[in-house]
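# Residue-level structural notes
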Amino acid sequence: MAEKLTLAEKLWRDHLVVKGEDGAPDLIYIDLHLIHEVTSPQAFDGLRLEGRDIRRRDLTIATEDHNTPTKDIHLPIAEPTSAKQVQALRDNTEEYGVRIHSLGDKNQGIVHVVGPQLGLTMPGITVVCGDSHTSTHGAFGALAMGIGTSEVEHVLATQTLPLAPFKTMAINVEGSLRPGVSAKDIILAIIAKIGTGGGQGYVLEYRGSAIRELSMEGRMTICNMSIEAGARAGMVAPDQITFDYLKGRPHAPEGKDWDEAMEYWKTLQTDEGAEFDKEIYIDADELDPFVTWGTNPGQGVSLLGEVPSPDSFDLASDQESAEKALQYMDLVPGTKMKDIRVDTVFLGSCTNSRIEDLRAAANLVKGKKLAEGLTMMVVPGSQKVRIEAESEGLDKIFKDFGAEWRFAGCSACLGMNPDKVGEFKRAASTSNRNFVGRQGKNARTHLVSPVVAAATAIRGTLSAPSDLED
Amino acid sequence: MEKISNFNGVGVPFRYSNVDTDQIIPAIYLKRIAKTGYEDGLFSTLRQDPDFVLNQPEYKNAQVLVAGSDFGTGSSREHAVWALRDYGFKAVFSPKFADIFRSNCGKQGVIAGVISNADTVKLWEKMESEPGIELEVDLPSQVVRCGELEINFDIDEYTKWRLSEGLDDIGITLQNEDKIEEFESRRAAWRPKTLPVKGD
Ligand code: SF4
């Protein structure tokens, strides 16, 4: 009988070009290479220096996202470093004949929204991008990893990467989510449980009934944040939900290719009896909406809970980091999370800026008014999402509510463009990182789901959708 | 990358220990988008001092840096090696390198050779007694010669091989190009292609 393999191991096996000997890494073939303006300029320069060409421009695609403005996009980019990086991407892609979706283009947007939207991200493939949240694409049952700039150059030149082997971890999420609880809450709860380093060296496979019940958007939200648990990648085995999402997208296989692909895709499951190096269990029935109180994504609690006291942690290092985090966040232990007032709400980022995320938030704010003194920015993940949302009237709902409706990009997720959370301001943000200074100098971030973001925008304090029912 | 075997170059007595990558090139230079042209960033803080060794005319075309212990510590930025390379350095010697810096050197075609503390001091004294003296770096026999001095240096076999073959990571992978081609010939038709552009 054939060896029993996990899903990740199957993909590794099927992309192995050269088996590494004597401790050397394996050489793995890359099916899809996504590039953006921040991590690619030196890679192209390296190619130029060595007189090399791109091996497979037909497996490469570029989009502008990290630096691009989300308003007045017809004007030249004001910030010099941003303008330089975007221009470099345009010049490089032109010189090397790489497909690019520039600002203003329908398929421009956050690289991790664009790949799936075009149907390029599909089960059974390897995907890389010079960005840590490439793990997003694992939601399709792909092996998707973030890489550094020299690796970007390596993939451009060879369409392969030397990669060290990984360990596997199963994350079993059984049960059904209660109303108002969503994918974001699952992943925040997972990270709080295993810690920001808990996934180090592992490829995570999210399994169980609660995962199977999620839409592709929800699965992407979860896989997206695998990196925040330190993991190399995260994935979900493909099923009918995956196939339905993919079918008919511009680059999805068609006709006989589709049938052939389906035959293979149906084998993309962890074999019965295959062993993971580690397994953890989460009870979905018990989950509340989750929010972070600190300065890393693992510092989170139930929204029904309180700001923890540093003494409540066992390890001295955790106590110390909690203390520092509370100081930065300007929070007092024992404060009810729901009593925390915010200044601004950010709905966007590759974690939560897809159409389903916008719909869920719009559904709550419809006909209501933004709480006194708050600001809110809604940034669709791609131009296409923006257009789709507008066709459903979501832009109007957000604008009537009092939020700003923006063009697509990374925006305040990392504040490389002018969208930042103000100094010493507190944000409820649907993004993935609450690091010190991430959303702007001295900005205080609480990571939340789209519906918690919406409820918070209505009430002004961190709130669950259920708080809206009187 | 150029193949390295034997070369002669002006040596610099760099009497500093614990030189981290931020001293080699400050973070401000990381905003650039090119992979070359970092020579102006090399030791840019130290170079503000007119008495700094690299500001002396004798060391204008220096190619070999002899530094104190713990060279290249701190952040893993590849820019540190780019700055040295762009300035013209082909080899750095020190009693101890930070691991990542050392491996980055190998990838960028710069020799990072380990010599003893005593030999470091001997080289410094010799170079200071005859500023601008050339050193002969002999990679195949792992020896650096300076006047009557003949000093052995350490470098791991793999890095030595790739430097003498002039192979960067990509070059090494491309040695398996036939296997990549073979893999591609079996790649199923349903797998994604970004070109031709569809759907817009
Ligand atoms: S939205 Fe944020 S996390 Fe996602 S790719 Fe952009 S900057 Fe990175």
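Being a predicted model, the structure only gives us computed values, none of them experimental.

The next thing to look at is the overall build of chain A. Within chain A one finds 15 helices and 19 strands. Relative to the globule expectation of 23 Å for 470 residues, the C-alpha radius of gyration of chain A, 21 Å, shows essentially globular dimensions. Its C-alpha atoms put chain A at 60 × 55 × 45 Å along the principal axes. Taken over 470 residues, chain A has a buried fraction of 58%. The contacts of chain A with a sequence gap of at least 6 include a subset with a gap of at least 24, amounting to 76%.

This next bit is on the overall build of chain B. Within chain B one finds seven helices and nine strands. C-alpha atoms of chain B, sized along the principal axes, occupy 70 × 40 × 25 Å. Buried positions account for 34% of the 200 residues belonging to chain B. If you take every contact in chain B between residues at least 6 apart in sequence, the share linking residues at least 24 apart comes to 71%.

This part is about the site of the ligand. Residues in close proximity to the ligand total 13 residues, the closest being Ser349, Cys350, Cys410, Cys413 and Leu414 of chain A. Its residues assigned to classes, the shell around the ligand comprises five nonpolar, six polar and two charged.

Before going further, it helps to spend a moment on the interface of chain A and chain B. Listed by partner, the interface residues are 43 residues for chain A and 26 residues for chain B. Of all elements in the fold, only strand S1 (16–18), strand S2 (26–29), helix H2 (41–50), strand S4 (60–63), helix H3 (80–96), helix H5 (149–158), strand S8 (160–163) and helix H10 (255–265) of chain A reach the threshold of two or more residues within the side of chain A that touches chain B. Looking at the side of chain A that touches chain B residue by residue, the classes come out as 20 nonpolar, 12 polar and 11 charged.

Looking now at the nonpolar core. Ranked by internal contacts, the top residues of the largest apolar core, which has 149 residues, are Ile186 and Val365 of chain A. Ranked by the residues each element gives to this core, the list is headed by helix H6 (residues 183–194) of chain A, at eight residues. Not counting chain neighbours up to four residues away, the residues in contact with Val365 of chain A comprise Ile397, Phe398, Phe401, Ala454, Ala457 and Ile458 of chain A. By size, the runner-up hydrophobic cluster in this structure holds 43 residues, among which are Val12, Val19, Phe89 and Val92 of chain B.

A few words on the environment of His15 of chain A. Residue and element names in this part refer to chain A. Looking at the element boundaries, His15 is found in the loop between helix H1 (7–14) and S1. The buried category is assigned to His15, around which 22 C-beta atoms lie within 10 Å. Among residues more than four places away in sequence, those in contact with His15 are Ile28, Tyr29 and Thr126.

All names here are of chain A. Taken together, the five strands give an open sheet; going across it, the order is S17-S16-S15-S18-S19, and neighbouring strands pair in parallel fashion. Of all strands in the sheet, those with a lone pairing partner are strand S17 (404–405) and strand S19 (444–447), marking the two edges. As defined by bridge partners, strand S15 (residues 344–347) adjoins strand S18 (residues 426–429) across three bridges and the pair is classed as parallel. Residue pairing across strands places Phe346 opposite Ser429, the latter belonging to S18. Across the face of the sheet, helix H15 (residues 450–459) comes into contact with S15, strand S16 (375–378) and S18 while running at roughly 150° to S15.

Turning our eyes to something else, we now look at the sheet that holds strand S5 (residues 91–94) of chain B. All names here are of chain B. Strand order in the open sheet formed by seven strands is S6-S5-S3-S1-S7-S8-S9, and the pairing between neighbours is mixed. What marks the edges here is a single partner per strand, and that holds for strand S6 (111–114) and strand S9 (149–152). Between one strand axis and the next, the sheet turns through 30° on average, direction left out of account. Docked against the sheet, helix H4 (residues 117–129) engages strand S1 (6–14), strand S3 (62–67), strand S8 (143–146) and S9, running at close to 145° with respect to S9.

All names here are of chain A. Between its first and last C-alpha atoms H3 spans 24 Å; for 17 residues at 1.5 Å apiece the expected length is 24 Å, and the two agree. Those residues of H3 that fall on the buried side of the exposure criterion are Ser82, Gln85, Val86, Leu89, Asn92 and Thr93. Seen end-on, H3 carries its buried residues on one side only, within an arc spanning 130°. Exposed and facing more than 90 degrees away from the buried side of H3 are Pro80, Glu94 and Glu95. The inward-facing, buried residues of H3 contact H2, S4 and strand S5 (99–101). Positioned one or two residues after H3, Gly97 has a phi angle of 70°, which is positive.

Once that is clear, we can look at the packing of helix H12 (residues 355–365) of chain A against H15 of chain A. Residue and element names in this part refer to chain A. Running from amino to carboxyl end, H12 crosses H15 at an angle of 30°, the nearest separation of the two axes being 8 Å. Relative to H15, the element H12 lies roughly parallel. Considering how the two elements wind past one another, H12 and H15 form a crossing that is right-handed. Contacts between H12 and H15 involve Asp357, Ala360, Ala361, Leu364 and Val365 from the first element and Pro450, Val451, Ala453, Ala454, Ala455, Ala457 and Ile458 from the second. Looking at the contact of H12 with H15 residue by residue, the classes come out as 11 nonpolar, no polar and one charged.

Take H6 of chain A next. Residues and elements named next belong to chain A. In this model, H6 (12 residues) spans 17 Å end to end at C-alpha, consistent with the 16 Å of a helix rising 1.5 Å per residue. With 10 of its 12 residues buried, H6 lies for the most part within the structure. What H6 keeps buried is the set Ala183, Lys184, Asp185, Ile186, Ile187, Leu188, Ala189, Ile190, Ile191 and Ile194. Looking one or two residues beyond H6, the residue adopting positive phi is Gly195, at roughly 90°.

Here the focus is the confidence of the model for chain B. Per-residue pLDDT for chain B has a mean of 94; in total, 100% of the residues score no lower than 70. The ipTM, which scores confidence in the relative placement of chains, is 0.93 for this predicted complex, and the corresponding pTM is 0.92.

What follows is about unusual backbone geometry. The amide bond that connects Leu195 of chain B to the next residue, Pro196 of chain B, takes the cis arrangement and shows omega of -5°. Take Pro196 of chain B: it is sitting in the segment after helix H7 (177–185). For Ser349 of chain A, which is not glycine, the phi torsion reads 85° and is therefore positive. Here the phi dihedral of Gln142 of chain B falls at roughly 55°; this positive angle occurs in a residue that is not glycine. By the secondary structure assignment, Gln142 of chain B is in the loop between strand S7 (134–138) and S8.

The rules behind these values
- Residues numbered from 1 in each chain as written.
- Chains lettered and ligands numbered in written order.
- Predicted model: local features only at pLDDT ≥ 70, side-chain atom pairs only at ≥ 80, totals over all residues.
- Helix = DSSP H or I, 4+ residues; strand = E, 2+ residues; numbered from the N terminus.
- Rg over C-alpha atoms; globule rule 2.2 N^0.38 Å.
- Buried ≥ 20, exposed ≤ 12 C-beta atoms within 10 Å, placed from the backbone.
- Contact = placed C-beta atoms within 7 Å.
- Near = placed C-beta within 6 Å.
- Nonpolar A, V, L, I, M, F, W, Y, C, P; charged D, E, K, R; others polar.
- Core = buried A, V, L, I, M, F, W, Y, C linked by C-beta atoms within 7 Å.
- Pairing = 2+ DSSP bridges.
- Axes fitted to C-alpha atoms, helices over the stretch in contact; angles between N-to-C directions.
- Expected span 1.5 Å × (residues − 1).
- Arc of directions from axis to C-beta.
- Parallel < 35°, antiparallel > 145°, perpendicular 65-115°, else oblique.
- Left-handed = near helix turned anticlockwise from the far one by under 90°.
- pLDDT = per-residue confidence, 0-100.

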